[in-house]
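Residues per chain, in single letters:
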There are 2 protein chains.
Amino acid sequence: MDAKIHLRFAQKGDMPEVLRLIQELADFEKEPDAVELSLSELENDGFSTPKRFDCLLAEMDQKVVGMALYYPRYSTWKGVTLHLEDLIVSNAYRGKGVGTALYSAFLAEAKKQNVRRVEWVVLDWNTPAIKFYESSGAKVLQDWKTVQMDQETINKYIENNSNENI
Amino acid sequence: MDAKIHLRFAQKGDMPEVLRLIQELADFEKEPDAVELSLSELENDGFSTPKRFDCLLAEMDQKVVGMALYYPRYSTWKGVTLHLEDLIVSNAYRGKGVGTALYSAFLAEAKKQNVRRVEWVVLDWNTPAIKFYESSGAKVLQDWKTVQMDQETINKYIENNSNENI
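Note that the structure is predicted; figures quoted are calculated from it, not measured.

K.L.:
Can you help me understand the interface of chain A and chain B in this one?
P.N.:
Reports often express the size of an interface as the amount of accessible area lost when the parts come together. On the side of chain B, 69 residues touch chain A, which itself brings 70 residues to the contact. Looking at the side of chain A that touches chain B residue by residue, the classes come out as 36 nonpolar, 14 polar and 20 charged. As judged from the 7 bridges shared by strand β7 (residues 144–150) of chain A and strand β5 (residues 117–123) of chain B, these two strands associate in the antiparallel manner. Bridging across to β5 of chain B, glutamine 148 of chain A finds its partner in glutamate 119 of chain B.

Spelled out as structure tokens, the structure:
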């Protein structure tokens, strides 16, 4: 932690660097083709109305080396919450406190916005991440599972159940 | 399924009925005190800018008997997605196709908005729900866990890590 970590909010012109980090994570997770998002979508989604996300950047040596991307969600028990979608640190800059700095800045932002809860997801075999989150006071929920349906399946479902009555 | 199910989007004036359904679910889940949300928050969050959610209502016998509440999320791989936060059917009206009608209407809305994915969470012991979702083509993710931090813990974390550098 000799080098200084500089944190700031991402601007539209940072989106190429953000997309590079997103792709780096996908490569690392051995899903290099999973990123369907284009640069122009990312620029549009983050910097026009409705704005879909906010993004904090970490810089070292004048380079973008990490990011925390988040957006509001809504709980019918708690109201507005913040969801941390991605916390990415570039491989060459791990172990230097970048992840912790971004995590702390995200939580500071949650405090500032006065939300009643923050949340995110973690892979259940990622023991170091789970330990880090738990040591910070976060709780890993054991009994909830995520369910997803992709666009192809949505379209197929609607075709087969076409009595849309709204 | 003799009686007709009528679906429509919730209006601000429906929020007392929506809060009643939210409370009914909390009671059912034996968490009667979990609903921290007030009626005025719900009215404000759903019907001013930024709008935090959309809500579909199901009516039978001129009464609100079910709801599907959802909002956009953002995936750095897929872009905008829709999250189904709550799918609630009033206890006395279960087994009449209300849940399926709301689920189908939510998916029709996802198709209309051209999102690349929809998602939600399910309790892992809720086998009938899991079977229903899977039979519709949705996938239950086995290796992701939800992590949450509540407001008290956020505040405590920030107090103890007060070198906020943004």
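K.L.:
Explain the packing of helix α1 (residues 15–28) of chain B against helix α2 (residues 39–47) of chain B here, please?
P.N.:
The relative placement of two packed helices is expressed as an angle between their axes plus a distance between the axes. Residue and element names in this part refer to chain B. For the pair α1 and α2, interaxial distance at closest approach is 10 Å and the crossing angle is 115 degrees. With respect to the hand of their crossing, α1 and α2 are arranged in right-handed fashion. On α2, the residues touching Met15, Pro16, Val18 and Leu19 of α1 are Leu39, Leu42, Glu43 and Gly46. For the contact of α1 with α2, the per-class residue count stands at 6 nonpolar, 1 polar and 1 charged.

K.L.:
How do you make sense of the relation of the copies chain A and chain B when you look at a structure like this?
P.N.:
Note on the chain copies: they are related by a rotation about an axis and a translation along it. Superposition of chain A onto chain B requires a rotation of 180 degrees combined with a translation of 0.0 Å along the rotation axis, giving an RMSD of 0.0 Å. Considering both components of the superposition, the chain copies are consistent with a two-fold axis. The residues that chain A uses at the interface reappear at the interface of chain B in 99% of cases, marking a shared surface.

K.L.:
Looking at this structure, how should I read the confidence of the model for chain A?
P.N.:
As a note on interpretation, predicted positions should not be read in detail where pLDDT is low. Across chain A, the average pLDDT comes to 94, with 96% of residues at 70 or higher. Note on the complex model: pTM 0.94, ipTM 0.93.

K.L.:
How should the environment of valine 121 of chain B be read in this particular structure?
P.N.:
By the element assignment, valine 121 of chain B lies in strand β5. Of the residues examined, valine 121 of chain B has 19 C-beta atoms within 10 Å and is grouped as partly exposed. Look past the residues within four positions of valine 121 of chain B in its chain and what remains in contact with it is Trp144, Lys145, Thr146 and Val147 of chain A together with Thr146 of chain B.

K.L.:
Just to check I follow, could you spell out the pairing of strand β7 (residues 144–150) of chain B for this structure?
P.N.:
Within a regular strand, side chains alternate between the sheet's two faces. Only one face of β7 of chain B is buried: it carries Lys145, Val147 and Met149 of chain B, and the other face, with Trp144, Thr146, Gln148 and Asp150 of chain B, is open. Bridge count for strand β6 (residues 139–140) of chain A against β7 of chain B is 2 bridges, and the pairing is antiparallel. Of the residues in β7 of chain B, the one forming a bridge with lysine 139 of chain A is glutamine 148 of chain B.

Parameters and conventions
Residues numbered from 1 in each chain as written. Chains lettered and ligands numbered in written order. Predicted model: local features only at pLDDT ≥ 70, side-chain atom pairs only at ≥ 80, totals over all residues. Contact = placed C-beta atoms within 7 Å. Nonpolar A, V, L, I, M, F, W, Y, C, P; charged D, E, K, R; others polar. Pairing = 2+ DSSP bridges. Helix = DSSP H or I, 4+ residues; strand = E, 2+ residues; numbered from the N terminus. Axes fitted to C-alpha atoms, helices over the stretch in contact; angles between N-to-C directions. Left-handed = near helix turned anticlockwise from the far one by under 90°. Least-squares fit on C-alpha atoms with pLDDT ≥ 70 in both. pLDDT = per-residue confidence, 0-100. Buried ≥ 20, exposed ≤ 12 C-beta atoms within 10 Å, placed from the backbone.

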